Amino acid sequence: MIPERVREDFPILQQRMHDKPLVYLDSAATSQKPRIVLEALTRYYEEYNANVHRGIYFLAEKATQAYEDARVRVARFINAPRPEEIVFTRGTTEAINLVAYTWGRANIRAGDEILLTEMEHHSNIVPWQLLAAEQGARLRYLPFDGAGRLALEELDTLLTERTKLVALTHQSNVLGTITPVEEITRRAHAAGALVLVDGAQSVPHMPVDVQALGCDFLAFSAHKMCGPTGAGALWARYDLLDAMPPFHGGGEMIMLVQLDSSTYKDPPYKFEAGTPNIADCIVWATAIDYLEGFGLAAIREHERQLTRYALAQLREVRGVRVYGPEDVEQRGGAIAFDVQGAHPHDVAQVLDQEGIAVRAGHHCAQPLHRRLGLSASTRASLYLYNTPGDIDTLTRGLEVVRRLFTPRTAVRDR
Ligand code: PLP
């Protein structure tokens, strides 16, 4: 059970917006941060800010220890077999680019295929487009059906001996769909392909165990799970990391530099050139402790109940159409919808005046929206600090939208 007083842990949620209590429904874009995370950030800068892996004085050793402890913490959170399998990055986007740039350039050849899905975020499309263009490879896409589920019946046709990688989201940031990663991984491996999972929307919201998923790469971001912006990770099997060439070149990733060549450190350091994002990686561990204080299963259950309530309430608002699976066992709390007769930007603007923060646009998923026949949608997305009261405020706000955007005669007729 997630108690309602969780909200009190988040200073930003205590404020009023346009003289109304703030209702934050945009956690799929970025989550809010609890006070203990903000305090941990200040403590780092006030008490032990120093560069890592290079100083032999007390502060540097303390910072290095905290940074490496954070790696252990992140590894344990996703049940990675070894902390060396965690490469700190700026976030999901950089983690996926790292794989495309290093593993991809070393392993993808002309004529090879990379299988994506039509519900991917741009950060799990564009890096593969860049790689495919460079190497002469081909991208293929697993579609989704009218209920927002991946069309698994097409997998056998799309997975061939040419498929070298399947890269898919674990939870859609628009439809909320939770994808069957275990099954897809099993079938991809049987076809000889590796699997990269975009965990940006799953790792913050449900227990994720890379060993149970069986995948080869997992990318995720701290800022979507109560941690700071600018930190994230790539998890990959150690043997893969070991065989991959470096990403960025610079200090800290080398063993020996000569004038015309260098040798590199072992993973993960080979992939962490330059001064890393020390503070934010350390503080990410505090965010993980905070989430684990409730338990990811409890957070998932809270969101499942809230999503069920939200879907039922939204169904009651005339003119509102919700996308994605209806069954809350198959989806999370990213809820995209449209309001008949009102552009999503107008919907978001009216809701903002009611103190409600939602996102409007294509949510970095243009192919998905094209598939739905839309150029944009409005999205409300939930996290542990949201309550049924927030959903009630949203539906009241949508009634205001409806009154403003439905012609008077039409309102009278209804
Ligand atoms: N993948 C998905 C499914 C996302 O929702 C997002 C962010 O919204 C990303 C990738 C990119 O994450 P980041 O911007 O933290 O790199």
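Every value quoted in this text rests on a predicted model; they were computed, and no experiment measured them.

Caption draft 1: Highlighting the overall build of the protein. Broken down by element type, the protein carries 14 helices and 17 strands. Summarising its shape, the C-alpha atoms of the protein cover approximately 80 × 55 × 35 Å along the three principal directions. Here the protein holds 414 residues, and 57% of them are scored as buried. The long-range fraction of contacts in the protein, counting pairs at least 24 apart against all pairs at least 6 apart in sequence, stands at 71%.

Caption draft 2: How the structure looks around the packing of aromatic side chains. Counted under the stated rule, the structure contains eleven aromatic pairs. Between the aromatic rings of Tyr 67 and Phe 88, the centroid separation amounts to 5.1 Å while the plane-to-plane angle is 50°, which identifies the pairing as tilted. One end of the pair, Tyr 67, is in helix 2 (residues 58–77); the other, Phe 88, is in strand 4 (residues 86–89), and 21 residues separate them in sequence. Of the two residues, Tyr 67 and Phe 88, neither departs from the other in class, the shared state being buried. Plain terms: the ring middles of Trp 103 and Phe 217 are 6.0 Å apart, the flat faces sit at 65° to each other, and that makes the pair edge-to-face. Pair noted here: Trp 103 is in helix 3 (residues 92–107) and Phe 217 is in strand 9 (residues 217–221), with a separation of 114 residues, a long-range link. No difference in accessibility class separates Trp 103 from Phe 217, as the two residues are buried. Following the ring pairs from residue to residue traces out a cluster consisting of Phe 10, Tyr 290, Phe 294, Tyr 383 and Tyr 385. Sitting over the face of the ring of Tyr 238, Arg 82 holds its NZ or CZ atom 4.0 Å from the ring centroid. For Arg 371, the ring lying beneath its charged end belongs to Phe 144, and the centroid distance is 5.8 Å.

Caption draft 3: Fine view of the sheet that holds strand 5 (residues 113–117). If you walk across this open sheet you meet the seven strands as 4-10-9-8-7-5-6, and the pairing is mixed. Edge strands, defined here as strands with exactly one partner in the open sheet, are strand 4 and strand 6 (138–142). Adjacent strand axes in the sheet meet at a mean angle of 20° when their direction is disregarded. Across five bridges, strand 7 (residues 163–169) lies against strand 8 (residues 194–198) in parallel orientation. The residue of strand 8 that forms the bridge with Ala 167 is Leu 196. Those strands touched by helix 4 (residues 126–135) are strand 5, strand 6, strand 7 and strand 8, and its axis lies near 145° from that of strand 6.

Caption draft 4: Fine view of the nonpolar core. Within the largest apolar cluster, 80 residues are counted, with the highest numbers of intra-cluster contacts made by Ile 78, Val 166, Leu 218, Trp 284, Leu 291 and Leu 384. Element by element, the count of residues in this core is highest for helix 9 (residues 278–294), at eleven residues. If we skip the residues at most four places from it in the chain, Leu 384 touches Ile 2, Val 6, Cys 226, Tyr 290, Leu 291, Phe 294, Ile 299, His 302 and Glu 303. Ile 96, Leu 98, Leu 196 and Ala 236 belong to the second largest nonpolar core, which has 28 residues in total.

Caption draft 5: Highlighting helix 2. Over its 20 residues, helix 2 extends 28 Å from the first C-alpha to the last, a length consistent with the 28 Å expected when each residue adds 1.5 Å. Every buried residue of helix 2 is accounted for by Ala 60, Ala 63, Thr 64, Ala 66, Tyr 67, Glu 68, Ala 70, Arg 71, Arg 73, Val 74, Ala 75 and Phe 77. Buried residues belonging to helix 2 abut helix 1 (35–48), strand 4, strand 9, strand 10 (232–236), helix 9 and helix 10 (296–316).

Here is what the cut-offs are and how they apply
Residues numbered from 1 in each chain as written. Predicted model: local features only at pLDDT ≥ 70, side-chain atom pairs only at ≥ 80, totals over all residues. Heavy atoms only, no water. Helix = DSSP H or I, 4+ residues; strand = E, 2+ residues; numbered from the N terminus. Buried < 20%, exposed > 50% of the residue type's maximum accessible area, 1.4 Å probe, protein only. Contact = heavy atoms within 4.5 Å. Phe/Tyr/Trp six-rings, centres within 6.5 Å; stacked < 30°, edge-to-face > 60°. Lys NZ or Arg CZ within 6 Å of the ring centre and 35° of its normal. Pairing = 2+ DSSP bridges. Axes fitted to C-alpha atoms, helices over the stretch in contact; angles between N-to-C directions. Core = buried A, V, L, I, M, F, W, Y, C linked by side-chain atoms within 4.5 Å. Expected span 1.5 Å × (residues − 1).

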